[in-house]
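# Report on the structure
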Amino acid sequence: MAILKNINFNKLKQGLSKTKDKLFTGITEAISTKAVFDEDILDELEEILITSDIGMDTAMKIIHNTRAELYYLNDRSKEAIISTLKNEMKTVLLNAIQNTDNSDSTDISTNKPYVILVVGVNGAGKTTTIGKLAYNYKKAGYSVLIGSADTFRAAANEQLDIWAKRADVEIVQKETGADPSSVVYETLNIAKSENTDIVLIDTAGRLHTKSNLMKELEKIKTVMGKVVPHAPNEVYLVVDGNSGQNVLVQAREFSKVTELTGLIVTKLDGTAKGGVVFQISAQQKIPIKYIGVGEKIEDLQDFDASKFIEALFD
Amino acid sequence: MLEDLTLKFDKALKKVTGQGRLTEQNISDTMRELRRVLLDADVNYKVAKSFIDDVKERALGKEVLASVSPGQHITKILYDRLTELMGGSMSELTINPTGPTVILMVGLQGSGKTTFSAKLAKYLKDRNRKVLLTAADVYRPAAKDQLKTLGKQISIPVFSIDESKDAVTISEESVKYAKENNLDTIIIDTAGRLHVDEDLMNEVKQIKETVNPTEILFVVDSMSGQDAVNSAKAFHDAVYFDGVVLTKLDGDSRGGAALSIKAVVDVPIKFSSLGEKLDSIEIFHPDRLASRILGKGDVVSLVEKAQAQIDEKEAEDLEKKLLSNKFDLEDFLKQIKMIKKMGSIQSLLGMIPGLGANIKNADVDEKQLVKVESIIQSMTKQERKTPKILNGSRRKRIARGSGNTIQDVNRLIKQFNEMNKMMKMFKSNKNRKMLKNFGNLKFN
């Protein structure tokens, strides 16, 4: 959804500046300390890519392609290396973007209520992200209803309630321990009767290894379909930008239960480099929709692969 | 699976078999494989690099026993080194002997501080500490509600000042409150913070200076990636934490970040936390994380097996005894016990240097070992030392005593004599063909 496109791009640059400092000044250093391109530089680049959580396979692939391209170009200037590497990295990201069915505001008006299910492991940042999404959709002029299907974690209700107030949207909650599916059922019914544009469903954090919790997720999905046949319209997997290779397993395991339509990568305002983005694009082909760059309600950014890479290189 | 890893190593080391020693050239494939394993497990790039150098140094020049797979050999070095690096043994929480014990929990957002604080509170309460939980996270919405709810579940008081946004004051007041109310342990749950957030890092420093904690625990998500070393280092530079807590270990992450943190800040990992139930907290076991990093699996038995196989001293003793005809039934029994520990008679036979390859096809019914063991155990010491004295009446007694038939006893003695005879021939003629017969040795 292109809802956040109106956001000033400078904000993304700011948010990513620390990431950029680490990742690409690193690359520039690696390059500028050597006048002539050699294998050592590519080794250093490999180190930089791997320490960004890009993962060994993807890093190797990018380096391999960069190396091949450089030999072909026969140009080993710093500029050539950077632009070649940039292109290779872009190729990896665009690979997944092309798979995106680019839903837009028409989808929201024709699929009422437009239901977004948010899932992820514990501590990834689901609830905070829901708060930010609600705020942005509301600001974009949509009516939003949040369903609090995390009936497990202590005070999850209270936390989401505060976010709902901040975003100035309605919320449906039940007591701790209630069946999450029943919350979903009630939320969608209310949304239908009130002609709500967008429904956001927050779920309890669950490790993908917990089969009973994954079954619960399946049930939530089934119940959704019963109330609103086209639901869920989106299923977002929220992943912690600090995470390493396990994210790939998460994406794979959650995909088994429900098709994932997008990823939201959080906590990219630290020094973690979010290389996980490349990894997922290369292997899972699930597009990255948004990135979280802070704890404030406006700290959610539309993910744009080209701009993302450009911002990294600026 | 660790077995998979060993197999991969074996494959990479195929060309090493037959060569005398592990050398730089013949283990380079293995080291590449190891590098991949470590990086896939989220071990930091630099840490992985120095770790590999270290393992390589230890492996180089080691003799390759024909009986031991080079893969197992390397796996063993690897596993031991990993365990050693992660602390070797368990490390306990420090308790203040004179005053209240103050434990400060710090870490990034979403690492699991609040849940772990409650778990630790319950753990200490179960060990007769009088615990107070302090809600010093003034930023995350409903953080103190979460702690209060958890506190209620485990009947532990939670200190909070609802109207205050000052984490330092809250922490300070909570220690006072604990003293006044005769509580001896205070666990302060702080807000998750990024190590690059100067204001919040200053806040946690101030809390430290104000409450002077007995222990500062850095909570880290076991799913963390390469950047874990950077955040850990920044936190350590700021507050010098005393221990690391590894959370969410009930997932399938490999937890390599923990090794990296240990390597970079050299602080023991004290607890691991798995699951959301408040009693799922464990003292950290370095060996378990070692096997996790290398891939889950029953590492203990495999390593024991490897250890038994490369115990060269014992193998030499056995060889000496065999070749000097001093191998008696007592030794035989000892070996059987070892076999049982190892689970495979091939391993035992393989221990004899130079025999390994020929013994591979030995056809052994492992159940027979129990029988053999019981028979020998029914013998007197003298009978075991000098099997020659085993006449008909002695054999009958042994059969009765061990619950076997006299045929079983006879078979065992015949088997034993044949083995000794064969070893004698092996010694005198060096007749390599005999080894094949040895390989077809049957215990039934």
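Residues numbered from 1 in each chain as written. Chains lettered and ligands numbered in written order. Predicted model: local features only at pLDDT ≥ 70, side-chain atom pairs only at ≥ 80, totals over all residues. Heavy atoms only, no water.

So, about the overall build of chain A. The secondary structure content of chain A amounts to 12 helices and eight strands. The buried share among the 314 residues of chain A stands at 60%. For chain A, the accessible area works out to roughly 12000 Å², and carbon and sulfur atoms hold 47% of it. (Helix = DSSP H or I, 4+ residues; strand = E, 2+ residues; numbered from the N terminus. Buried < 20%, exposed > 50% of the residue type's maximum accessible area, 1.4 Å probe, protein only. Areas by Shrake-Rupley, 256 points an atom, 1.4 Å probe, with all protein chains shown as cover.)

Per the counting criterion, the structure on display carries six aromatic pairs over all chains. Residues tyrosine 236 of chain A and tyrosine 290 of chain A carry aromatic rings whose centres are separated by 6.0 Å and whose planes lie at 90° to one another, so their mutual orientation is edge-to-face. With a gap of 54 residues between them, tyrosine 236 of chain A in strand β5 (residues 234–240) and tyrosine 290 of chain A in strand β7 (residues 288–292) connect regions that are remote in the sequence. Residue class for tyrosine 290 of chain A comes out buried when judged on its relative accessible area of 0%. Ring geometry for phenylalanine 218 of chain B versus phenylalanine 235 of chain B: centroids 5.1 Å apart, planes at 45°, classification tilted. With phenylalanine 218 of chain B in strand β5 (residues 215–221) and phenylalanine 235 of chain B in helix α9 (residues 228–239), the pair connects residues that are 17 residues apart, well separated along the chain. We classify phenylalanine 218 of chain B as buried; its relative accessible area is 1%. Every member of this aromatic cluster is reached through a ring pair, and the members are Phe116, Tyr123 and Phe271 of chain B. Across from the ring centre of tryptophan 163 of chain A, 4.6 Å away, lies the NZ or CZ of arginine 166 of chain A, which sits over that ring. The ring of tyrosine 123 of chain B is capped by arginine 127 of chain B, whose NZ or CZ atom sits 3.7 Å from the centre of that ring. (Phe/Tyr/Trp six-rings, centres within 6.5 Å; stacked < 30°, edge-to-face > 60°. Lys NZ or Arg CZ within 6 Å of the ring centre and 35° of its normal.)

So, about the nonpolar core. The biggest cluster of nonpolar side chains holds 152 residues, and the ones touching the most others in it are Tyr137, Leu188, Leu200 and Met224 of chain A together with Phe241 and Ile293 of chain B. Looking at this core, the element that brings in the most residues is helix α3 (residues 45–59) of chain B, giving seven residues. Counting residues domain by domain, this core receives three or more from each of domain 1 (3–85) and domain 2 (101–296) of chain B. Within the second largest apolar cluster, 25 residues are counted, among which are Phe116, Ala121, Ile156 and Val245 of chain B. (Core = buried A, V, L, I, M, F, W, Y, C linked by side-chain atoms within 4.5 Å. Domains from an automatic or database assignment.)

The residue after lysine 112 of chain A, namely proline 113 of chain A, is reached through a cis peptide bond having omega -10°. One can find proline 113 of chain A in the loop between α5 (105–110) and β1 (114–120). With an omega of -10°, the peptide bond running from alanine 231 of chain A to proline 232 of chain A counts as cis. Along the chain, the position of proline 232 of chain A falls in the loop between α9 (211–227) and β5. Phi at lysine 267 of chain A takes a positive value of approximately 60°, unusual for a residue other than glycine. As for its placement among the helices and strands, lysine 267 of chain A is situated in the loop between β6 (262–266) and α11 (276–283). You can call lysine 267 of chain A buried: its relative accessible area is 13%. Not every positive phi belongs to a glycine, and tyrosine 240 of chain B is a case in point at roughly 50°. Structurally, the position occupied by tyrosine 240 of chain B is in the loop between α9 and β6 (243–247). Looking at tyrosine 240 of chain B, the relative accessible area reads 52%, which means it is exposed.

Looking now at the environment of leucine 45 of chain A. Its place among the elements puts leucine 45 of chain A in helix α2 (residues 39–50). With a relative accessible area of 0%, leucine 45 of chain A lands in the buried category.

Right, let's get into the interface of chain A and chain B. With 42 residues of chain A at the contact, the number on the chain B side is 33 residues. Between chain A and chain B, the buried area comes to about 3300 Å², and carbon and sulfur atoms account for 54% of it. Remark: the boundary between chain A and chain B carries four salt bridges. Residue arginine 35 of chain B pairs with glutamate 46 of chain A through a salt bridge whose shortest N-O separation is 2.5 Å. If you look at where chain A meets chain B, you find 18 residue pairs in polar contact (both at pLDDT 80 or more). The set of elements that each furnish at least two residues to the side of chain A that touches chain B consists of α2, α3 (56–73), α7 (156–167) and α10 (246–257) of chain A. Here the residues of the side of chain A that touches chain B are counted per class, giving 12 nonpolar, 15 polar and 15 charged. (Contact = heavy atoms within 4.5 Å. Buried area = accessible area lost by both parts, 1.4 Å probe. Salt bridge = Lys/Arg side-chain N within 4 Å of Asp/Glu carboxyl O. Polar contact = N/O pair within 3.5 Å; in protein donor to acceptor, adjacent residues only side chain to side chain. Nonpolar A, V, L, I, M, F, W, Y, C, P; charged D, E, K, R; others polar.)

To continue, consider the domain arrangement of chain B. A common way to express how large an interface is: the accessible area buried when the components associate. All names here are of chain B. In terms of domain boundaries, chain B breaks down into domain 1 (3–85), domain 2 (101–296) and domain 3 (302–439). Every contact between the two is made by 16 residues of domain 1 and, on the other side, 20 residues of domain 2. Both sides together, the interface formed by domain 1 and domain 2 hides about 1500 Å², and carbon and sulfur atoms give 65% of it. Between domain 1 and domain 2 we count zero salt bridges in total. If you look at where domain 1 meets domain 2, you find seven residue pairs in polar contact (both at pLDDT 80 or more).

Residues and elements named next belong to chain B. Per the counting criterion, the structure on display carries 32 salt bridges over all chains. Here lysine 270 ties to glutamate 215 by a salt bridge, and the two come within 2.9 Å at their closest N and O atoms. Of this pair, lysine 270 sits in strand β7 (residues 269–273) while glutamate 215 sits in strand β5; the two residues are 55 residues apart in sequence, bridging distant segments of the chain. Taking the relative accessible area as the measure of exposure, lysine 270 reaches 5% and is therefore buried. We classify glutamate 215 as buried; its relative accessible area is 1%. The network of salt bridges with shared partners includes Asp54, Arg58, Arg81 and Glu84.

Turning our attention to the sheet that holds strand β1 (residues 101–107) of chain B. All names here are of chain B. The eight strands lie next to each other as β3-β2-β4-β1-β5-β6-β7-β8, forming an open sheet whose pairing is mixed. At either margin of the open sheet sits one strand with a lone partner, and together these are β3 (158–159) and β8 (281–283). Taken strand by strand, helix α8 (residues 198–211) contacts β1, β4 (185–190) and β5, and its axis lies near 175° from that of β1. (Pairing = 2+ DSSP bridges. Axes fitted to C-alpha atoms, helices over the stretch in contact; angles between N-to-C directions.)

With respect to the helices and strands, the residue histidine 195 of chain B is situated in the loop between β4 and α8. Histidine 195 of chain B gets classed as buried once you look at its relative accessible area, which sits at 12%. Apart from the residues within four sequence positions on either side, histidine 195 of chain B is in contact with Thr271 of chain A together with Leu108, Met201, Asp227, Asn230, Ser231, Ala234 and Phe235 of chain B.

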